[in-house]
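# Results of the structural survey
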Amino acid sequence: MTTHVINNRRVAGASGECIDVLDPSDGQVFAQIARGTAHDIGVAVAAARRAADGGAWSRLAPVERGRLLRKLGDAIAAHHDELALLEQRDCGKPVKQARADATACARYFEFYSGACDKLHGDTIPYTPGFAVMTWYEPHGVTGHIIPWNYPMQIFGRSVGGALAAGNACVVKPAEDACLSLLRIAELAAECGFPEGALNIVTGYGHEAGQALADAPGIDHISFTGSARVGTIIAQSAAKRHVQVTLELGGKSPHIVFADADLDAALPVIINAIVQNAGQTCSAGSRLLVQASVYERVLAAVGERIATLRVGPAAMDLDVGPLIRASQLERVRAFLAPYRQGGAAGRLVAQGRIVPEAPAGGFYAAPTLIADVAADAPLACDEVFGPVLAAMPFSDEADAVRLANVTDYGLVAGVWTENGGRGLRMARALKSGQVFVNNYGAGGGVELPFGGVKSSGYGREKGFEALYGFSVMKTVVVRYGGQ
Ligand code: NAD
């Protein structure tokens, strides 16, 4: 059985119970992880507290902290293939995707390693005889709750930023996929991270996750996951007045104007919905197309979707399996009304599940549905599967109305050759990120990322993340004279 990693050591859980880990490609159990309890979380938080409150981690100069992060980034790069293989099996990611995730994780540590000694405050002009300065200080101990769709990438962006700012971390990965992160914690120990700086407790969300959100020794919580659980986390944190970063879901639109360069747009639009089998918070899951080119775009997108092949992760096809049976049921439930003719809309195209795909795997074919009503669940709710919902718009104002109508606001893509319109749209869209003539589902280590509305609040990635993982202290010194 796999164990937690606390104080740089593999530690068995107090309960001795474990959770089966399934391979999404065939639905078979291939590993077990420890079922963490509130007790295990308490041990990890205590270890992190010692590291943060005067321990070796808190005494490191920023430049030394940066060197350790760089070492860890290099170690992740050196173990790239091993980590990618773990992620491939654990999440059902096609080989290319798993490898891209390992590369991105190393890159986060590279990026944040260089930021550790550059997080400086200001001096502020004030009353004569006074010196005023601002300092960025770590919160102390940060808790990180990570989902299963991109364990390594989300760990890199969240924990990388928190460590860079000087916090000690307690991480609760998703019960469905955490093997790569346990290995990275071992690598951190080998790189010389002081005890307690990075701790990982595995387990269920409602047990270990809830215990982490409620733990009195946690000073900040970074949560990435569903809007439903985000509300629970925010409520837990509010009781103790602890800051939270919420990276939640999305229903991100691609908005294609009649003057768009379709050759450039179409491959990006398709990738943004099939990447990671659509299980991406920033998946481009809505396709809004100006009416005059609507049928043309549907035909071209449909043609490409029909060529996509779905199969086991190891076959490295266009699309792998979904994470688990319940996720597959969820996707099927969204599609059922369109298959049965119970909802307005038409099924334009579907990809193909290859015959080699084991019957026990969780496979969903990429699907394009057109003429979806703007208030239909498929247009408003996150499917978290490879399903693209298309609808036409008349003009710029109509595009903005449709794009902003959902509760979410994470990412938006605008496709137009009219530069002014691209900027007007960027201004009008209620979204944490807007891409004009490109799209970054999950990409861009340097780019601040986060949502508005039900997509959450706070920013991770980029230098901006360091402000969220720090507390500003204002120091006012009266030195007299004058
Ligand atoms: P989830 O909210 O069910 O689980 C996410 C994490 O929270 C897991 O580690 C889980 O164990 C934990 N958790 C569950 N209940 C908890 C509780 N009561 N207390 C504490 N922790 C708890 O989400 P999911 O199904 O794992 O992931 C899919 C969702 O995550 C989607 O909505 C997706 O959009 C979102 N997501 C967002 C981003 C982003 O950056 N905005 C990135 C990836 C995923």
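Provided above is the structure to which this section pertains.
How each quantity is defined
Residues numbered from 1 in each chain as written. Predicted model: local features only at pLDDT ≥ 70, side-chain atom pairs only at ≥ 80, totals over all residues. Heavy atoms only, no water. Near = heavy atom within 4 Å. Polar contact = N/O pair within 3.5 Å; in protein donor to acceptor, adjacent residues only side chain to side chain. Areas by Shrake-Rupley, 256 points an atom, 1.4 Å probe, with all protein chains shown as cover. 1 Å grid on protein atoms, 1.4 Å probe; cavity = no way out; pocket = protein on both sides within 12 Å on 5 of 7 lines; lining within 4 Å. Sits in = over half its atoms within 2 Å of the grid points. Helix = DSSP H or I, 4+ residues; strand = E, 2+ residues; numbered from the N terminus. Nonpolar A, V, L, I, M, F, W, Y, C, P; charged D, E, K, R; others polar. Domains from an automatic or database assignment. Points joined across faces, edges and corners; volume = space filled by probe spheres on them.

## With respect to the site of the ligand
With respect to spatial proximity, 28 residues lie near the ligand, and among them Arg157, Glu175, Ser226, Leu248 and Glu382 are the closest. In the model, an oxygen atom of the ligand is placed 2.7 Å from a nitrogen or oxygen of the Lys172 side chain. Interatomic distance of 2.6 Å between a side-chain N/O atom of Glu175 and an oxygen atom of the ligand. A total of 830 Å² of accessible area belongs to the ligand in isolation, and the protein chains cover 92% of it. Its atoms largely coinciding with the cavity grid, the ligand occupies the largest pocket. Broken down by secondary-structure element, the contributors of at least two residues to the shell around the ligand are helix 6 (151–164), helix 8 (205–214), strand 9 (220–224) and helix 9 (227–240). When residues of the shell around the ligand are assigned to their parent elements, the largest contribution, three residues, is made by helix 8. Residue composition of the shell around the ligand, grouped by class: 15 nonpolar, eight polar and five charged. In this structure, the shell around the ligand is formed jointly by two domains, domain 1 (4–249 + 457–474) and domain 2 (253–430), each of which donates at least three residues.

## Points about the layout of surface pockets
Remark: the empty space left among the atoms is shown by a probe the size of a water molecule rolled over them. When its volume is computed, the largest pocket comes out at roughly 900 Å³. Forming the boundary of the largest pocket are 34 residues, of which Trp148, Gly225, Ser226, Arg228 and Val229 lie nearest the centre. When residues of the lining of the largest pocket are traced back to their parent elements, those giving at least two are helix 8, strand 9, helix 9 and helix 12 (325–339). Grouping the amino acids of the lining of the largest pocket by side-chain chemistry returns 15 nonpolar, eleven polar and eight charged. Looking at the lining of the largest pocket, you find at least three residues from each of domain 1 (4–249 + 457–474) and domain 2 (253–430). Considered as a void within the structure, the second largest pocket measures approximately 250 Å³ in volume. Among the secondary structure elements, those contributing two or more residues to the lining of the second largest pocket are helix 1 (38–52), helix 2 (56–59), helix 3 (62–78) and strand 5 (130–138). Among the elements that take part in the lining of the second largest pocket, strand 5 stands out by supplying three residues, more than any other. Tallied by class, the residues present in the lining of the second largest pocket amount to nine nonpolar, four polar and four charged.

Function cannot be inferred from these measures alone, as they are strictly geometric.
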